[in-house]
Amino acid sequence: MESTLGLEIVEVVEQAAIASYKWVGKGNKNTVDHAAVEAMCERMNKIHMRGRIVIGEGERNEAPTLYIGGEVGICTRENAKTFNPEKLLEVDIAVDPCEGTNLVAYGQNGSMAVIAVSEKGGLFAAPDFYMKKLAAPPVAKGHVDLNKSATDNLNILSKCLNCSVEELVVVVMDRPRHEELIQEIRHAGSCVQLISDGDVSAAISCAFQGTNIHALMGIGLAPEGVISAAAIRCLNGHFQGQLIYDPAIVKIGLTGESKEGNLMRLKEMGIEDPDRIYDADELACGETVLFAACGITPGVLMKGVRIFQGGARTQSLFISSQSKTARFIDTVHLFDTPKSINLH
Ligand code: VTB
């Protein structure tokens, strides 16, 4: 799968990043998202695959493209019936064409275009619920636990990383729902790095040394949690997620839903235990998992898009469970044939 799709999905996120970056700082998150979605969709439809969107831009009636259940790729065309079935690559795809649309709209750091791919059934088709998340470096995998308190996890993390609790940096989304969590982390002596958006980048940063991010704690959206888990699973990092179905916990969001209605929806999805804690291997359970991200605005892991006359430069991250590698890819894009400049 990697040899066929690897560079292709890097180009998918690069094109989405460049397209959305053109709207950086203009203050309109919807324009940012639309540009990323269109560019991602267009590039995916040039790949020789039959890709099913399991995490995308919403339900079929909510989004014109990249909706859940939609299909992308050359092998979805009418004439695909004539293709050699052995050559037919059928995959499940999780996308966030612009993770952190607000960040791009307001010119803030930390946004990226992301995609995760696996064989059919290889990615958890998370509902658009919130998810309580815990991400941590590989050395802490299986030692920290979402069932434990933040204080206990910080003590465990300090032992795993052989550092003091005071040296730990924990990323938390700056939301009212995290008021108590933030207080507990600071009371334990660790540093809280607040982010306004973009917990996928924060989660993945835990799995790389040298990012000065040691954990992600708190509640974000579940689809982003699956995408984070796909990357972290390949990096052998720690990621756990637990669906949040009670709007009272989130304080905002899940508008219109009731706890009973959410429980009913989970039951209809076949989720028997709504309080189940999923680990990375369960959220991204496929034999092969590929992940690609391209920086839109500058971030901890990747530089942002840089536009120059006639082209652009991007930095992407490609992670593969197949080759067990994480590659940072620096790409120069030439938009058009270089104009001969008459200097006389
Ligand atoms: C979360 C987080 C994402 O949006 O989904 C956040 O996981 C939305 O949270 O990274 P709120 O509903 O509390 O605003 C992101 O930050 C960006 O998609």
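Calculation criteria
Residues numbered from 1 in each chain as written. Predicted model: local features only at pLDDT ≥ 70, side-chain atom pairs only at ≥ 80, totals over all residues. Heavy atoms only, no water. Helix = DSSP H or I, 4+ residues; strand = E, 2+ residues; numbered from the N terminus. Buried < 20%, exposed > 50% of the residue type's maximum accessible area, 1.4 Å probe, protein only. Polar contact = N/O pair within 3.5 Å; in protein donor to acceptor, adjacent residues only side chain to side chain. Near = heavy atom within 4 Å. Areas by Shrake-Rupley, 256 points an atom, 1.4 Å probe, with all protein chains shown as cover. Core = buried A, V, L, I, M, F, W, Y, C linked by side-chain atoms within 4.5 Å. Axes fitted to C-alpha atoms, helices over the stretch in contact; angles between N-to-C directions. Parallel < 35°, antiparallel > 145°, perpendicular 65-115°, else oblique. Left-handed = near helix turned anticlockwise from the far one by under 90°. Contact = heavy atoms within 4.5 Å. Pairing = 2+ DSSP bridges.

Looking at where Ser-158 falls in the secondary structure, it is placed in helix H4 (residues 150–161). A relative accessible area of 8% places Ser-158 in the buried class. For Ser-158, the side chain forms a polar contact with the main-chain oxygen of Asn-155, separated by 2.7 Å.

Another aspect to go through is the site of the ligand. Not every one of the 14 residues close to the ligand is listed here, only the nearest: Glu-99, Tyr-130, Arg-177, Asp-197 and Asp-199. Separating an oxygen atom of the ligand from a backbone N or O atom of Leu-221 is a distance of 3.2 Å. For the ligand, an oxygen atom lies 3.2 Å from a polar atom in the side chain of Glu-224. Protein chains bury 84% of the 420 Å² of accessible surface belonging to the ligand in isolation. Of all the elements in the fold, those that place two or more residues in the shell around the ligand are strand E5 (130–136) and strand E8 (215–221).

Another aspect to go through is the nonpolar core. In terms of nonpolar packing, the biggest core is built from 49 residues, with Phe-124, Ile-204, Phe-239, Leu-243, Leu-283, Phe-291 and Leu-317 touching the most fellow members. Take this core: its biggest share by element is eight residues, from helix H7 (residues 222–234). Counting 36 residues, the second largest nonpolar core, distinct from the first, contains Val-12, Met-40, Cys-41 and Ile-53.

Relative to the helices and strands, Cys-75 is located in the loop between strand E2 (71–72) and strand E3 (90–99). Along the chain, Cys-75 and Leu-88 lie 13 residues apart, while their C-alpha atoms are 7.0 Å from each other.

Its location among the elements puts Gly-261 in helix H9 (residues 259–268). Between the C-alpha atoms of Gly-261 and Asp-246, which are 15 residues apart in sequence, the distance is 9.6 Å.

For any two helices packed against each other, one specifies the inter-axial angle together with the distance between the axes. Two elements in contact, helix H1 (residues 2–21) and helix H2 (residues 29–44), have axes separated by 7 Å at closest approach and are oriented at 150°. Judged on the interaxial angle alone, H2 and H1 are roughly antiparallel. Handedness of the crossing formed by H1 with H2: right-handed. On H2, the residues that touch Glu-8, Glu-11, Val-12, Val-13, Gln-15, Ala-16, Ala-19 and Ser-20 of H1 are Val-32, Ala-35, Ala-36, Ala-39, Met-40, Arg-43 and Met-44.

Turning to unusual backbone geometry, a few remarks are in order. With a phi close to 55°, Leu-66 is a non-glycine residue in the positive phi region. Within the secondary structure layout, Leu-66 lies in the loop between strand E1 (50–55) and E2. Phi is positive for Asn-212, close to 60°, though the residue is something other than glycine. Note on placement: Asn-212 falls in the loop between helix H6 (199–205) and E8.

With that settled, consider the sheet that holds strand E10 (residues 277–279). The pairing of strands in a sheet comes from backbone hydrogen bonds and takes either a parallel or an antiparallel form. Judged by pairing direction, the sheet is mixed, and its six strands sit side by side in the order E7-E6-E8-E5-E9-E10 without closing on themselves. Two strands in the sheet have a free side with no partner beyond their single neighbour: strand E7 (191–195) and E10. Strand-to-strand twist across the sheet, computed as the mean angle between neighbouring axes with direction ignored, equals 20°. Across the sheet, helix H5 (residues 179–188) is in contact with strand E6 (169–173), E7 and E8; its angle to E7 comes to roughly 150°.

So, to be careful, I would describe these as geometric facts and stop short of saying anything about function.
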